[in-house]
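# Architecture at a glance
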Amino acid sequence: LFVTEEERTMRAIEKVYGKEMEYEELDFEDSQLSNDYGSISKVYLLENGNYLVQSTGGEGYKGGTITVWVVLTGNEDGFTGIEKVVLESYEKQTLMSKLTYDVYSAHNDKVTGEIYFTTDDSGIKVVVSGATYSTNALNNAVDCALKFAHEVLFAKEAD
C-alpha cells in the first residue's frame, strides 16, 4: 500500500503528540543537516511553535544507528529545551528493550553543558545497563538535534 509523504508526516506527529497538528516542513542546506553526532533528515515547525526534528545518531552496536524524533522548544531569546524524544527506528542494534520508552529523563547538552529534561512521561529513558553501544547511538541522535538547535534553528545573527 502506498502512503503519501503527508500521511507519513502526520503519523510521525501523532506518534509524538498523540493527535494531528498543523505543520510546515522546513528546508535547510545539506551542510546544516549534519554534524559530529549524526544527521538531520526532517524538520517541521508545528502549529504550537515547537520544532519536530528527525535525527539519526551513529556509532552504535556494530556501527549501527538509532533514529529519533526530538521536539525542540524555544522562544525569541533562543533554544529553551527538549520537550520529548521518541524512537523512530534503529539499525544493527541489540538489547533495544534495555532502552525503555517511558521518559528520556535528562540529557546533558554537550554544546552548553546544561541538562534538559522532558516535560512529560512519554519518550525514551536513557539510563540503561548492558546496552552501552545502543545508548551511545541514542545519545548521538539527541546530541545531533541539540547541536542543530543551537547552530541552525536558534542561532542568533551577528550584528
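Sequence order sets the numbering: in each chain, residues are counted from 1 along the sequence as written. In keeping with the model being predicted, local features are shown solely for residues with a pLDDT of at least 70 and side-chain atom pairs are shown and tallied solely at 80 or more, while totals for entire chains, interfaces and linings include all residues. To get the side-chain values, all heavy atoms of the structure are used, and hydrogens and water are removed first.

### Topic: the overall build of the protein chain
Helix and strand definitions follow DSSP, with helices as H or I runs of at least four residues and strands as E runs of at least two, each counted in order from the N terminus. Across its full length, the protein chain carries two helices and eight strands. Each helix (α) and strand (β) of the protein chain, taken in turn from the N terminus, gives the series α-β-β-β-β-β-β-β-β-α. Working definition: with a 1.4 Å probe on protein chains only, accessible area under 20% of the residue-type maximum means buried, over 50% means exposed, and in between means partly exposed. Looking at the 159 residues of the protein chain, the share that counts as buried comes to 47%. Note on definitions: a residue-residue contact is assigned when non-hydrogen atoms from the two residues lie within 4.5 Å. In the protein chain, once contacts between residues fewer than 6 apart in sequence are set aside, the share between residues at least 24 apart is 54%. The method behind every accessible area is Shrake-Rupley, applied with a 1.4 Å probe, and residues are considered shielded solely by the protein chains displayed. About 8700 Å² of surface is accessible on the protein chain, with carbon and sulfur atoms providing 46% of the total.

### Notes on the pattern of salt bridges
In the sections that follow, a salt bridge refers to a side-chain nitrogen of Lys or Arg positioned within 4 Å of a carboxyl oxygen of Asp or Glu. Inspection of every chain in the model, using the stated rule, returns six salt bridges. One salt bridge in this structure joins Glu-5 and Arg-8, with 3.3 Å as the shortest N-O distance. Of this pair, Glu-5 and Arg-8 both sit in helix α1 (residues 5-17), separated by three residues, roughly a single helical turn. The partly exposed category is assigned to Glu-5, whose relative accessible area is 32%. Classification of Arg-8 by relative accessible area gives partly exposed; the value is 43%. Between Glu-151 and Lys-147 there is a salt bridge; the shortest N-O distance is 4.0 Å.

### Some details on the environment of Val-68
Within the secondary structure, Val-68 sits in strand β5 (residues 65-75). The exposure class of Val-68 is buried, given its relative accessible area of 0%.

### Section: the packing of aromatic side chains
Pairs were defined over the aromatic rings of Phe, Tyr and Trp, the Trp ring being its six-membered one, requiring ring centres within 6.5 Å. Orientation was assigned from the angle between planes: stacked under 30 degrees, edge-to-face over 60, tilted for the rest. If you walk through the whole model with that rule in mind, you get five aromatic pairs. With 5.3 Å between their ring centres and 80° between their planes, Tyr-23 and Tyr-44 make a pair best called edge-to-face. Here Tyr-23, found in strand β1 (residues 23-25), pairs with Tyr-44, found in strand β3 (residues 38-46); they are 21 residues apart in sequence, far enough to count as distant. The partly exposed category is assigned to Tyr-23, whose relative accessible area is 27%. Judged by relative accessible area, which is 1%, Tyr-44 ranks as buried. Centre to centre, the rings of Phe-28 and Phe-148 are 5.2 Å apart; their planes meet at 85°, and the pair counts as edge-to-face. Taken together, the positions of Phe-28 in the loop between β1 and β2 (34-35) and Phe-148 in helix α2 (residues 132-153) put the pair 120 residues apart, joining distant regions of the chain. According to the relative accessible area criterion, Phe-148 is buried, its value standing at 1%. Each residue in the set Tyr-23, Tyr-44 and Trp-69 is aromatic and connected to the rest through ring pairs, giving one cluster. Lying over the aromatic face of Tyr-17, Lys-84 brings its terminal NZ or CZ to 5.9 Å of the ring centre. Only when the NZ atom of a Lys or the CZ atom of an Arg is both within 6 Å of the ring centre and within 35 degrees of the ring normal do we say a charge sits over the ring.

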